[in-house]
Amino acid sequence: MQLTPKYLIKIKNEDLHNYLSTIFEIVTGNYTYFQASSKDLIQNELNLWFTKWKRHESEGENIPNNGLEALISCPESVFPNIHYILNIICSLPISVASAERSFSTLRRVENLKRGNDHTVTKQS
């Protein structure tokens, strides 16, 4: 799901309705905050967000490249639902490097243990 303007403006107008419907299904299915909002309200807000950035692109203005830049340029009073979604996007971790480091460390320990087992067997 890309709500950052850099990716949003690349969507073709004929694909926009399906894209916005998909975003609506994702947010209402996963976040109770959106379940009280009507489908038309959220889709109209998403459509306005898309139109805003298409206009900025056609006027040659700077387009936000990431979620944080998009959040900064998203007035909560105009786009309350998108502002909430962008807050979620900005708070999600990009990767789980700590888990990857743990597996690398585990692999080194296992290799070291295998080496020690082999050495002990040879000496016996």
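Being a predicted model, the structure only gives us computed values, none of them experimental.

Digging into the packing of aromatic side chains
Here comes step 1: Tallying each qualifying case throughout the model produces six aromatic pairs.
Here comes step 2: When the centroid spacing of 6.4 Å and the interplanar angle of 80° are considered together, the rings of Y31 and F34 count as edge-to-face.
Here comes step 3: On the basis of relative accessibility, which here comes to 30%, the residue Y31 falls in the partly exposed class.
Here comes step 4: For the pair Y33 and F34, a centre-to-centre distance of 4.9 Å together with 85° between the ring planes defines the contact as edge-to-face.

Brief notes about helix 3 (residues 39-58)
Here comes step 1: The end-to-end C-alpha separation of helix 3 is 28 Å, in line with the 28 Å expected for 20 residues at 1.5 Å each.
Here comes step 2: All of the buried residues in helix 3 are I42, Q43, E45, L46, W49, F50, K52, W53 and H56.
Here comes step 3: Residues of helix 3 that are buried sit in contact with helix 1 (5-8), helix 2 (13-30), helix 4 (67-72) and helix 5 (80-91).

Some details on the packing of helix 3 against helix 5
Here comes step 1: Relative orientation of the contacting elements helix 3 and helix 5 amounts to 80°, with a least axis distance of 8 Å. One element, helix 3, and the other, helix 5, form an angle in the roughly perpendicular class. Residues L41, I42, E45, L46 and W49 of helix 3 lie in contact with helix 5, whose contacting residues are P80, N81, I82 and L86.
Here comes step 2: Taken together, the residues of the contact of helix 3 with helix 5 sort by class into seven nonpolar, one polar and one charged.

The rules behind these values
Residues numbered from 1 in each chain as written. Predicted model: local features only at pLDDT ≥ 70, side-chain atom pairs only at ≥ 80, totals over all residues. Heavy atoms only, no water. Phe/Tyr/Trp six-rings, centres within 6.5 Å; stacked < 30°, edge-to-face > 60°. Buried < 20%, exposed > 50% of the residue type's maximum accessible area, 1.4 Å probe, protein only. Helix = DSSP H or I, 4+ residues; strand = E, 2+ residues; numbered from the N terminus. Expected span 1.5 Å × (residues − 1). Contact = heavy atoms within 4.5 Å. Axes fitted to C-alpha atoms, helices over the stretch in contact; angles between N-to-C directions. Parallel < 35°, antiparallel > 145°, perpendicular 65-115°, else oblique. Nonpolar A, V, L, I, M, F, W, Y, C, P; charged D, E, K, R; others polar.

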